[in-house]
Structure formats: structure tokens, C-alpha cells
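Architecture and fold: a report
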Amino acid sequence: MHIIESGNVAAANGVKLANVKVIAAYPITPQTPLTEKLSEFVDAGEMDAQYIPVESEHSALSVCIAASSTGSRAFTATSANGLLYMNEQLHWAAGARLPIVMCVVNRGIGSPWTVWNDHQDAISQRDTGWIQLYCCDHQQIIDTVIQAFYLAETVSVPVMVCYDGYILSHTYMPFEIPKQADVDKFLPSFKPEYALNPNQPANLNTVTLPDVRPDVRGDMAPGYMEIRHNLHADMRDAIDVVGDIDKKFNQIFGRGENPYIETYRCDAAEFVAVCLGSLSYHLRDVVDILREEGIPVGVAGLRLYRPFPDQAIRDMLADLKGVIVFEKALSYGNQGALFADIKAALYSSKNRPKVHNYILGLGGREIKTAHLVDALRNSCVDTDKVGDTPVWIGLKM
Amino acid sequence: MTEKTTILNLSEDELVHPGNRACAGCGLSIVYRIGLKALGRDTILVVPPSCLTVLQGLYPIAATQLPCLNVTFASTAAAATGVLGALKAQGRESTLVAAWAGDGGTSDIGIQALSGACERGENFIFICYDNEAYMNTGVQRSGTTPQGVITTTTPFSGKSQKKKDVPSIIAAHGIDYVATASAAYPLDLYDKIVKAKTMNGPKYIHIHTPCPAGWGFNPRFTVKIGKLAVETGLYDLYEIENNKWRLTGASKKLIGKKRTPVNEYFNTQNRFKALSDEQISDIQKEVDIKWQSYDETYGN
């Protein structure tokens, strides 16, 4: 069934189709309509889940951590400062290897207060041990939410499904709601390795020593460092799992085929603009204009940001003349985080392209197509003149 | 009225292994052993950082025979909510959920999540063992540290503020059962937990728990000091059941009786050394006024 609805409603339908059993959330703009919709589903009896209206985002993720530890599929959603308030719980959920899924409806961070879109919230949490997927439209939101549970439960790592506040969360566009029977065929039920149970008592998340230590039977148990190494190794393995899940999804639903990077007019391109989220669709117009001018440029939207698909990045970008990274976030005092990641991925390649960095759209600053055209043209024409420092687009000072 | 448990009919099921990591004379090890007997085997525990985290052992060895979810400091009651949510979703509602936190994890960093869970009416038992400071991190002041007490963050003149009255705060949420207990009266605690198990919604039990290392006394006096806190009238054992407040156990027996002077309690512990005679006399006056009101209200 196709409907015309908001991105938040697309996400809510994905959660419903994924048969989530415990939902906990705290209101924050622009995530709120998503959790309102979920509470509506539960209250109307359309969804058989526990909806827990907690008193903070910290508690929202605490509820999900405990529900997942008790063996139920759990979901929450937040934005901006709400995500930051969850910070210690983000690390905890990943360390405890809990397959929680969370929608992050991207918004800038205070202070000063802003309710508008940028990516600083999710980017600042990139090292928490969560998988991060970014969406460009409503169809991707609903599809990615469903896939996220499969991914999280396959690799036992929590997943953030990120999409742009307002630009996607509050705009309306058509998308298909998959059939429940198809989703049930695609997504296996949640079977945790262990769930809290008095018949099988276990003490979870105990104090763990720096070194390995034998258990009561004399078998060696991992120390803190082995446990952390396993999280990293499984995150790296998740890159292939993302690809496998995309194939399976595509077979059933006929959508996907871009598990890591979604490209536009990258054929015979010498330059490629790279970014996260809906901006890559905006850049398609820009690329069309520049192609008219004869500039061989394309755009690549990264779907998977953590784990970082560095091989896919190299395969796509290593032989280009220039890579232009547009970012709605910044590692203050350095440069864009994605910019640094892309440069690191390309460092080992033989022919290193020039890599440029543009910072734009912070706190919802309007991103004008004309500005994007000028910036991208400039990077393609004067490839050597553009330096290593990030250039701000649309700054008025 | 349920019959009082005695040492003769107390459950012989030991759910806490001996040889755990608690200090000698630890009040928590008394209340935890007895408390788990009362909770029973069909229980899931939720525990934030505290001495209890250490008591329960280091990975991969555990001192407790109940399933336990260790959680972050501020999240205890929210995590208990999550366990309950999952149990409800799975139709496993007969399993009891009990959160067990220290005074810092309850009265300070944990109070927001606890207040939220009480307001939502979550069906769990929250037990606070109050040793009146952050003992696990080395005796720093907490919201429930009494006035005048020396801690490592009130090192010379003692804490200037009063003890936070957590049971009253929780009772203000209008929940059906709030009780206080003491490590010196474990069977009273046992009966209160057993009663709490029969009730729906949030239940809160606050246990005064002497700590030899943090309070500065010989480990063999844990029970004696716990009793003195009650016998001096400083710390009262009571229940608030369906909004009805009543003194219980050893405190109830003090109604109309002569109480031990508070000084005798203070003299047993190093932590009260900064108290001046004037402060002690002020505290005695406060206790006398409180008990005069008890005597008038509850005496014959």
C-alpha cells in the first residue's frame, strides 16, 4: 500500500511492522510525532507492545536496555540533546551487545538552542559502538527501520537509524508500506542468546577485570579488553551483514541495492560529492546543473557511517581527481568528521584524490542550490587551489 | 494480620553465597541475605553501582543465585521498568522485579528515574540500603548523610545539611507501600518484603544499614549500632500502607517509653566526632519533639 505521509509516520510504521514489544520514549522536537504515532498504534490496539512514557531520554534507553536484556525487541527514538542525555546508556547498550534500534531524527545541539536540522547529534555519538545508518527519503526510513532490527539481532550490536529533522521528519511524500506477511518472511523473531530468567540465573554487566579470569569450572573468561575487541570485530563483520541483508530485502521487496553508498551520475565522473542524509538528493540537482556545464561530477550519499565501509569508499573514490565532502557537523578545532574518515580510508590507495570539505546547514541554516553549485564547481575547476581546511557555505560574516 | 517470621520458620534457602566480597561486619550482607530469602527465587534483580556490585562478585563469578541486571547509576528504576515491560510482553508477569540500590543511587543520582517509575505505577519493589554516604567510592557525603557527619567530602566540620527524607518523598507519590527497616532487625525487614510482594504497583523499602568502614566502628558492633539508632529514636521503623502511617517493630515498642539518649549512639562511631555538645543537644531536642508527637498520636 502506498501512502503520502511524514517521515516520522514512515518510521512509526516500520516499528509497527517489525513487531517491537517494548517502546520507551521521551518527547523532543522533531522526533515527537514518531512516538506520538507509536502510542496511537498501541492505544488503539493496532500494535501489541508495551509503550512506556518515561521521564527522560536516559530512562528511555534504560528501559530498552533492560527489556532487551529480558529478551524483548525494544525501540526508542530521540533527537539532539535527548541523544546526548543518553550518552552513557549508548555505550552501555553497545557494551552489553543489545540489539536495540533507535531512530535519531537529526537536529542541531544547544547551546544556543536550535530545534533545526544538522548532524552534530549523531556524529558526536559515532564512537559509542552503535551502527549508524542514514536515510534520504521516507521509503528508505521505513525500509531501514525494518532492516535495522534484522541487522542488530544478527550481529548483537544496537543500530541508529538517522534521518534529517523537518527535511524528512515533517515533510510529506509517498512511500510504500510493506505487507506484514512479507516483513514476517524477511525479519526472523528475536531469539536472544540469553534473557534474564530466574531458572537460569546470570549476573549481567558485572565488574570485569583488566585481565582474563577463570570461571568456577576453570574455563577462561574474557577480560574487559577481549570483550571490547569482540565488539569491534563484530562491528567490522557487520559491514558484510549489511550487504547480505540488503540482498535479502531486495529479493522480497524489490528495493535496495545500495547498502553502503547510494550514487547518482557517478559514471565516468572525475569528481564526486559525498555526504550523509537527504542532502545527497539535494546535490543531485546540483550535479545535473554542473553536468550541463560539462563538469564530470556525481554524488554519493553514504548510507552506512558506522561501521565505516572503507573498502566501498576506496572502490568508489580512490581513482577520482577530487572528492568533495559536504557536512552538517564538525569536529570542533579540526575538520568535518566524515571528511577525516574519508581521507583516512583513501590514504592507503595508490592514487589519492584531492579531498575538500564544506561545512553547511548548521542549526538549520538554509542550504541554497546556487551556493552548492558554486562550491562544487569551484572544487572541480580549481581542484588544487582548495586547501585542507573546511570551507563554510552560507556563512554571513 | 500476617504472622511474624521468627528464626525458626525463616527460609533455609540461601541465595547469597558465603565468602562474597563484602567487608567484615557489613550491614548490607545481613540485609541482602535475608532480603533475598524474602524475595524468593522467582525474582529478577536490578542493581546500580554500589557496594552491592562488589559484594556480588567480579566477572565471571557471582555471589548471588538470582538473575541480576547491573545497570548505570542513574537508571535503576527505569531499568526495572524495562524488565517489567519485557516480562509483561512475554506473559511472564509472575516473576518479581526488585531493584536494590544504595543511598546515593536512590536519593541522589537515582531519584529522577525512581520518581518516574513511582508516578507510572510500575509493579516492582525498590529497596534502598542506606549506609548514609557513598561507601563504595570511599565515604563521600550523600543526600542521606545525617547532619554533622564526617565524610571524605565533609572532612573536618561535618555535613552542614540535614538528611534527605527519602521515604517521605516516595510516599508523596501516593504509592501503596512505603516502609523503613534496619539491618539490626532483619526479620522485621523480611516480613516487610513479604508484605510488599503481596501488593501491586511500586513498593519502597528503606533500610538503615550500618557500615563499619564508613562509620568508624568495630565490625562486631554492626547490629548493636543499628539497634541504638532505633532505640535512641533517631531512626524510626514504620510502614505507610495505603496512606496509613504506623510505627512498627522496635520503634512501636518505644511509644511512651524512655528512649536512650542520642549521645550514646553518636559516641559509638568516629563519624560523629565533629558534633559539638550544642549540636547534640539540638538533635536531642528535635528527636524529643518528634517522639512527643508520636506518643500523643499513637500512645494510649
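Source: prediction; values computed, not measured. (Residues numbered from 1 in each chain as written. Chains lettered and ligands numbered in written order. Predicted model: local features only at pLDDT ≥ 70, side-chain atom pairs only at ≥ 80, totals over all residues. Heavy atoms only, no water.)

Attention now goes to the overall build of chain B. When you go through chain B residue by residue, the secondary structure sums to 12 helices and 8 strands. Radius of gyration (C-alpha) of chain B: 18 Å, near the 19 Å computed for a compact globule of 300 residues. With the C-alpha coordinates aligned to their principal axes, the bounding extent of chain B is approximately 60 × 45 × 40 Å. Within chain B, the proportion of its 300 residues that are buried is 56%. Looking at chain B alone, contacts between residues at least 24 apart form 70% of all its contacts between residues at least 6 apart. Here chain B has roughly 12,300 Å² of accessible surface; of this, 53% comes from carbon and sulfur atoms. Charge separation in chain B, taken as the distance between the mean sites of 31 positive and 28 negative side-chain charges, equals 3 Å. (Helix = DSSP H or I, 4+ residues; strand = E, 2+ residues; numbered from the N terminus. Rg over C-alpha atoms; globule rule 2.2 N^0.38 Å. Buried < 20%, exposed > 50% of the residue type's maximum accessible area, 1.4 Å probe, protein only. Contact = heavy atoms within 4.5 Å. Areas by Shrake-Rupley, 256 points an atom, 1.4 Å probe, with all protein chains shown as cover. Lys, Arg positive; Asp, Glu negative; His and termini not counted. Charge placed at Lys NZ, Arg CZ, Asp CG, Glu CD.)

A separate point is the side chain of T248 of chain B. All names here are of chain B. Looking at the element boundaries, T248 is found in the loop between β8 (244-247) and α10 (249-252). For T248, a relative accessible area of 4% puts it in the buried group. A polar contact is formed between the side chain of T248 and the side chain of K192, at a distance of 2.8 Å. For T248, the residues in contact, after removing those within four places along its chain, are D188, K192, L237, Y238 and E239. (Polar contact = N/O pair within 3.5 Å; in protein donor to acceptor, adjacent residues only side chain to side chain.)

On to the domain arrangement of chain A. All names here are of chain A. Segmenting chain A into domains produces domain 1 (2-186) and domain 2 (263-392). The straight-line distance from the C-alpha centre of domain 1 to that of domain 2 is 27 Å. On the side of domain 2, 22 residues touch domain 1, which itself brings 23 residues to the contact. Around 1,900 Å² of area is buried between domain 1 and domain 2 when both sides are counted, 54% of it from carbon and sulfur atoms. Among the residues domain 1 hides against domain 2, the three largest losses belong to R126, Y134 and C136. Together they make up 29% of the total. Linking domain 1 with domain 2 are 2 salt bridges, by the criterion used here. R126 is paired through a salt bridge with D341; the nearest N and O atoms lie 3.5 Å apart. (Domains from an automatic or database assignment. Buried area = accessible area lost by both parts, 1.4 Å probe. Salt bridge = Lys/Arg side-chain N within 4 Å of Asp/Glu carboxyl O.)

With that settled, consider the packing of aromatic side chains. Following the criterion strictly, the structure yields 21 aromatic pairs over all chains and no others. Look at F126 of chain B and Y204 of chain B: their rings are 6.0 Å apart centre to centre, the planes differ by 25°, and that puts the pair in the stacked class. Note that F126 of chain B is positioned in strand β4 (residues 125-130) and Y204 of chain B in strand β6 (residues 203-208), a separation of 78 residues in sequence. Among the aromatic residues, ring-to-ring pairing joins Y238, W245, W291, Y294 and Y298 of chain B into one connected group. Seen from the ring of F41 of chain A, K16 of chain A lies directly overhead, with NZ or CZ sitting 4.8 Å from the centre. The ring of Y305 of chain A has R306 of chain A sitting right over it, with the charged end atom 4.5 Å from the ring centre. (Phe/Tyr/Trp six-rings, centres within 6.5 Å; stacked < 30°, edge-to-face > 60°. Lys NZ or Arg CZ within 6 Å of the ring centre and 35° of its normal.)

Following the criterion strictly, the structure yields 36 salt bridges over all chains and no others. Beyond isolated ion pairs, a larger network of salt bridges with shared partners links R126, D127, R306 and D341 of chain A.

Every contact between the two is made by 42 residues of chain A and, on the other side, 41 residues of chain B. In this assembly, chain A packs against chain B so that about 3,200 Å² is buried in total across both faces, 62% of it on carbon and sulfur atoms. Considering only the surface of chain A that becomes buried against chain B, P198, N203 and R213 of chain A emerge as the three largest contributors, covering 19% of it. Counting across the interface, chain A meets chain B through 1 salt bridge. Here E55 of chain A makes a salt bridge to R120 of chain B, at a shortest N to O gap of 3.3 Å. There are 15 residue pairs in polar contact (both at pLDDT 80 or more) connecting chain A and chain B. Of all the elements in the fold, those that place two or more residues in the side of chain A that touches chain B are β3 (50-53), α3 (57-69), α5 (87-95), β9 (203-204) and β10 (213-214) of chain A. Broken down by element, the side of chain A that touches chain B gets its largest block of residues, 7 residues, from α3 of chain A. Looking at the side of chain A that touches chain B residue by residue, the class counts come to 22 nonpolar, 15 polar and 5 charged. Direction of pairing for β9 of chain A relative to strand β2 (residues 68-70) of chain B: parallel, over a ladder of 2 bridges. (Nonpolar A, V, L, I, M, F, W, Y, C, P; charged D, E, K, R; others polar. Pairing = 2+ DSSP bridges.)

Right, let's get into a nonpolar patch on the surface. Residues W392, L395 and M397 of chain A make up a contiguous nonpolar surface patch of about 390 Å² in total accessible area. Along the chain, M397 of chain A turns up in the segment after β18 (391-392). (Patch = residues over 30% accessible without salt bridge, like charges linked within 9 Å, V, L, I, M, F, W, Y side chains within 5 Å.)

Scanning the model with the defined rule gives 0 disulfides over all chains in all. Left unpaired, C380 of chain A is separated from the closest cysteine sulfur, that of C266 of chain A, by 11 Å. The exposure class of C380 of chain A is buried, given its relative accessible area of 6%. No disulfide involves C128 of chain B; its sulfur sits 12 Å from the nearest other cysteine sulfur, which is in C51 of chain B. Given the relative accessible area of 1%, C128 of chain B is considered buried. (Disulfide = S-S within 2.5 Å.)

Let us now look at the environment of Q311 of chain A. All names here are of chain A. For Q311, the location among the structural elements is in helix α11 (residues 310-317). When its relative accessible area of 43% is taken as the criterion, Q311 is described as partly exposed. The spatial distance from the C-alpha of Q311 to the C-alpha of A269 is 19 Å, given a sequence separation of 42 residues.

All names here are of chain A. Across the 6 residues that make up strand β5 (residues 101-106), a large majority, 6, are buried. Every second residue of β5 is oriented toward a common face, with V101, C103 and V105 on one face and M102, V104 and N106 on the other, all of them buried. Summarising the sheet, strand β4 (residues 74-78) and β5 pair through 4 bridges and their orientation is parallel. Note that in β5 the partner of A77 across the bridge is C103. One ladder, built from 6 bridges, connects β5 with strand β7 (residues 159-164); its direction is parallel. Counterpart to V104 in the pairing with β7 is C162.

As a further point, take the nonpolar core. Among the nonpolar cores identified, the biggest contains 165 residues, and F75, I131 and I342 of chain A together with F124 of chain B are the most heavily contacted of them. The greatest single-element share of this core, amounting to 10 residues, is contributed by helix α7 (residues 138-155) of chain A. Residues lining this core come from more than one domain, with at least three contributed by each of domain 1 (2-186) and domain 2 (263-392) of chain A. Setting aside residues no more than four positions away along its own chain, I131 of chain A makes contact with L151, V155, V157, P158, V159, M160, M235, A238, L304, R306 and P307 of chain A. Counting 34 residues, the second largest nonpolar core, distinct from the first, contains V16, C26, L55 and I205 of chain B. (Core = buried A, V, L, I, M, F, W, Y, C linked by side-chain atoms within 4.5 Å.)

Another point: helix α12 (residues 337-346) of chain A. Counting buried residues in α12 of chain A gives 7 out of 10 residues, a clear majority hidden from the surface. A337, L338, F339, D341, I342, A345 and L346 of chain A are the residues of α12 of chain A that are buried.

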